[in-house]
Amino acid sequence: MTVNTLKRHLRESIKSLGRNGWMTFASISAVTVTLLLVGVFLVVMLNMNNFAKKIENDVEIRVHIDVTATQQDKEALKAQIDAIPEVKEIKYSSKEEELQNLIKSFGEEGSSFKLFEQDNPLSDVYIVKTAKPTDTMKVAKKIETFKFAHKVKYGQGQVEKLFKTLKVARNIGLGLIIGLLFTAMFLISNTIKITIFARRKEIEIMRLVGATNGFIRWPFFLEGLWLGLLGAVIPITLILFSYYNIYDFLKPKLTNPFIQLLPFSPFAWQIAAILVALGACIGVWGSMVSVRRFLKV
Amino acid sequence: MIEMQDVYKTYPNGVMALSGINVRIKQGEFVYVVGPSGAGKSTFIKMMYREEKPTSGSIMINGVNLAKLKDSKVPLLRRHIGVVFQDFKLLPKLTVYENVAFALEVIEESPKNIKKRVMEVLDLVGLKHKARFYPDELSGGEQQRVSIARSIVNSPKIVIADEPTGNLDPDTSWGIMDLFEEINNRGTTIVMATHNREIVNTIKKRVIAIENGKIVRDEARGEYGYDS
């Protein structure tokens with residue numbers, strides 16, 4: 001394709017946006033609303049995912065070793081745990097270390113536990129981490145059956161609950177987004193249909209004088225692309241602007257190490273890129289649907 | 001050269017438009033296609049620029065079988081065939097110049113060549129001085145000249161005309177016919193469907209008469225042969 005041809009296609013596609021003024025406006029609005037909702041949803045979802053991942057990664061299995069176990073028994077237990085394929089990491093913590101940790105975690109009041117240094121009631125512990133957090137429960141159950149594993153503890157319950165909520169939210173959101181994407185696409189394909197109708201005589205003549213199908217299709221393809229991209233402008237601006245401010249506002253207030261917002265850069269820019277890509281896709285897709293059906297090319 | 005062999009055409013609604021057409025038209029010939037309405041003239045014409053595909057049989061144009069031509073190759077075929085219609089098919093928002101140039105633009109001709117060729121053909125059809133006019137500022141005859149200019153602007157070997165004088169008054173029609181003769185004299189094959197008895201009987205050319213989807217008459221310097 002020559003530069004002149006490309007210029008011609010660009011000119012034609014832009015002219016046609018103006019010619020179908022109201023349909024152009026309706027299509028762009030539909031894309032705008034869709035992408036705005038998709039964008040907000042993505043921001044919330046990805047941040048929630050981030051919280052979940054942080055909590056997930058903190059999950060560990062604490063295997064209390066039976067007090068009667070000899071050094072040899074401990075080694076055997078360790079080997080057994082290590083042999084479970086899902087286990088990623090295993091750390092030993094003696095009962096003295098455990099007590100120190102306990103004292104530390106109580107802060108000033110912890111000093112009262114110092115009495116126990118003489119006769120430590122705690123057990124030695126293996127701290128086990130699995131490669132995938134979701135395997136925690138399975139691995140824990142297995143370890144329970146081992147000899148000298150006196151007690152097996154892990155932060156069961158909360159993570160499952162979080163994931164269940166997240167899954168429901170994700171499904172509802174996905175359904176909503178797919179519906180909206182189709183609506184926007186449908187409107188774009190209608191706009192292109194009107195363009196094609198308005199230009200059917202021109203298309204007929206193009207065919208008669210030997211224009212290739214590709215040549216005929218290009219302006220419509222571009223028009224769809226413009227509709228999608230123009231529809232992405234407002235959502236991107238709004239999301240960049242509000243995320244920047246929300247992040248600035250909330251950052252100093254979030255002290256919990258698990259609940260942290262994803263940093264503005266690169267996160268917000270990634271969202272912007274996703275929205276541009278989505279806008280372009282529904283635009284092009286909508287126009288292709290019409291072109292195929294009404295141009296018979 | 002155009003050669004049709006055993007061409008049959010049945011439309012999806014069951015109408016049989018052509019039933020066994022055999023014809024050979026040599027390069028540089030001038031051929032009238034006559035016959036009553038609904039006899040298959042239009043289908044016959046449409047076959048030649050591959051607007052319709054034959055149900056069976058073969059249509060060879062300059063060595064290419066249109067019956068087997070892939071859809072994607074049709075544009076290339078059309079670049080070697082000019083088509084003129086009764087209703088001109090001009091774009092109302094483009095000037096005379098732009099309407100003719102359009103045919104070259106869509107086949108991605110260079111701007112320099114476009115200008116040269118368009119002015120040449122506008123000169124040939126006698127409308128050089130009206131290049132900046134819009135179609136609705138022209139008479140019917142002039143509009144048909146523009147459409148003829150467009151059909152020959154990429155120097156096709158064949159020009160197919162479907163009742164080119166159908167919308168024109170007799171005086172104007174003669175002018176249009178002079179133009180077709182001029183184009184024919186330059187070696188271009190002309191195939192023209194027409195209902196104009198006077199023209200056919202005055203400017204004597206080969207006449208192919210089609211009735212009920214069959215060629216019933218094919219004479220070298222024929223007559224129109226119908227009453228209307």
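Rules behind the numbers
Residues numbered from 1 in each chain as written. Chains lettered and ligands numbered in written order. Predicted model: local features only at pLDDT ≥ 70, side-chain atom pairs only at ≥ 80, totals over all residues. Helix = DSSP H or I, 4+ residues; strand = E, 2+ residues; numbered from the N terminus. Rg over C-alpha atoms; globule rule 2.2 N^0.38 Å. Buried ≥ 20, exposed ≤ 12 C-beta atoms within 10 Å, placed from the backbone. Contact = placed C-beta atoms within 7 Å. UniProt positions renumbered as here; feature names shortened; annotations may be inferred. Pairing = 2+ DSSP bridges. Axes fitted to C-alpha atoms, helices over the stretch in contact; angles between N-to-C directions. Core = buried A, V, L, I, M, F, W, Y, C linked by C-beta atoms within 7 Å. Domains from an automatic or database assignment. pLDDT = per-residue confidence, 0-100. Parallel < 35°, antiparallel > 145°, perpendicular 65-115°, else oblique. Left-handed = near helix turned anticlockwise from the far one by under 90°. Nonpolar A, V, L, I, M, F, W, Y, C, P; charged D, E, K, R; others polar.

Summing up its helical and strand segments, chain B has seven helices and ten strands in all. At 17 Å, chain B has a C-alpha radius of gyration in line with the 17 Å of a compact globule built from 228 residues. Within chain B, the fraction of its 228 residues that count as buried is 42%. Within chain B, contacts between residues separated by at least 24 positions form 67% of all contacts whose residues are at least 6 apart in sequence.

UniProt annotation of "domain: FtsX extracellular" (unreviewed entry) refers to residues 59-151 of chain A when read in the numbering used here. As annotated, residues 59-151 of chain A comprises 35% helix and 23% strand, and the C-alpha atoms at either end are separated by 16 Å.

Residues and elements named next belong to chain B. The sheet built from four strands is open, its strands ordered S2-S1-S4-S5 with antiparallel pairing. On the outer flanks of this sheet lie strand S2 (16-25) and strand S5 (64-65), each paired with one strand and no other. The sheet contact formed by strand S1 (residues 2-10) and strand S4 (residues 56-61) spans five bridges and is antiparallel. Bridging across to S4, Met-4 finds its partner in Ile-59.

Attention shifts here to the interface of chain B and chain A. Tallying the contact residues gives 14 residues for chain B and 15 residues for chain A. Among the elements of the structure, helix H2 (74-78) and helix H3 (96-105) of chain B are those that each provide at least two residues to the side of chain B that touches chain A.

Residue and element names in this part refer to chain B. Ordered by their spatial adjacency, six strands build an open sheet running S6-S7-S8-S3-S9-S10, and the pairing between neighbours is mixed. Bordering the open sheet on either side are strand S6 (81-85) and strand S10 (214-219), each of which pairs with just one other strand. Shown here is a sheet whose adjacent strand axes are inclined to one another by a mean of 15°, direction ignored. The pairing of strand S3 (residues 30-34) with strand S9 (residues 206-211) spans four bridges and is parallel. Following the sheet pairing, Val-31 is matched in S9 by Arg-206. Most of the contacts of helix H6 (residues 170-185) go to strand S8 (residues 189-193), to which it runs at about 150°, and overall it touches S3, strand S7 (158-162) and S8.

Of all hydrophobic cores here, the largest spans 70 residues; its most connected members are Val33(B), Val100(B), Ala149(B), Ile160(B), Ile190(B) and Val191(B). Apart from the residues within four sequence positions on either side, Ala149(B) is in contact with Val100(B), Val121(B), Leu122(B), Val125(B) and Leu127(B).

Residues and elements named next belong to chain B. As paired elements, S9 and S10 share five bridges and run antiparallel to each other. What sits directly across from Ile-210, in S10, is Ile-215. Between S9 and S10, which pair antiparallel in sequence order, lie two residues; one of them, Asn-212, sits at a positive phi of approximately 50°.

This next bit is on the domain arrangement of chain A. According to the domain assignment, chain A consists of domain 1 (3-55 + 160-295) and domain 2 (60-154). Taking the mean C-alpha position of each, domain 1 of chain A and domain 2 of chain A sit 52 Å from one another.

On to the confidence of the model for chain B. Note that predicted coordinates carrying low pLDDT should not be read in detail. Residue and element names in this part refer to chain B. The pLDDT averaged across chain B works out to 93; a share of 100% of its residues lies at or above 70. When the elements of chain B are averaged for pLDDT, H2 gives the smallest value, 91, and S8 the largest, 96. Here the prediction assigns the complex a pTM of 0.70, and the interface score ipTM is 0.84.

This part is about helix H1 (residues 41-48) of chain B. With respect to burial, H1(B) is a largely interior element, six of its eight residues being buried. Looking only at H1(B), the buried set comprises Lys41(B), Thr43(B), Phe44(B), Ile45(B), Met47(B) and Met48(B).

Here the focus is the environment of Met45(A). Residue and element names in this part refer to chain A. Mapped onto the fold, Met-45 is located in helix H2 (residues 21-58). As for Met-45 and Leu-166, which are separated by 121 residues in sequence, their C-alpha atoms are 8.1 Å apart. Residues within four places of Met-45 in sequence aside, it is in contact with Arg-170 and Gly-173.

A separate point is the environment of Ile208(B). Mapped onto the elements, Ile208(B) comes out in strand S9. As for Ile208(B) and Glu108(B), which are separated by 100 residues in sequence, their C-alpha atoms are 37 Å apart.

What follows deals with the packing of H3(B) against helix H5 (residues 140-152) of chain B. Helix-helix packing: each pair is described by the crossing angle between the helix axes and the interaxial distance. Residues and elements named next belong to chain B. Relative to each other, H3 and H5 sit at 25°, their axes nearing to 8 Å. In terms of axis orientation, H3 runs roughly parallel to H5. For the pair H3 and H5, the crossing hand works out as right-handed. Residues Val-96, Asn-99, Val-100 and Ala-103 of H3 form the contact with H5, whose own contacting residues are Val-146, Ala-149 and Arg-150. Class assignment of the residues belonging to the contact of H3 with H5 gives a composition of five nonpolar, one polar and one charged.

With that out of the way, let us pick up the environment of Leu138(B). Residue and element names in this part refer to chain B. Inspection of the secondary structure puts Leu-138 in the loop between helix H4 (111-124) and H5. Taking the C-alpha atoms as reference points, Leu-138 and Val-96, separated by 42 residues in sequence, lie 9.3 Å from one another. Ignoring anything within four residues of it in the chain, the contact list for Leu-138 reads Lys-130, Phe-133 and Gln-143.

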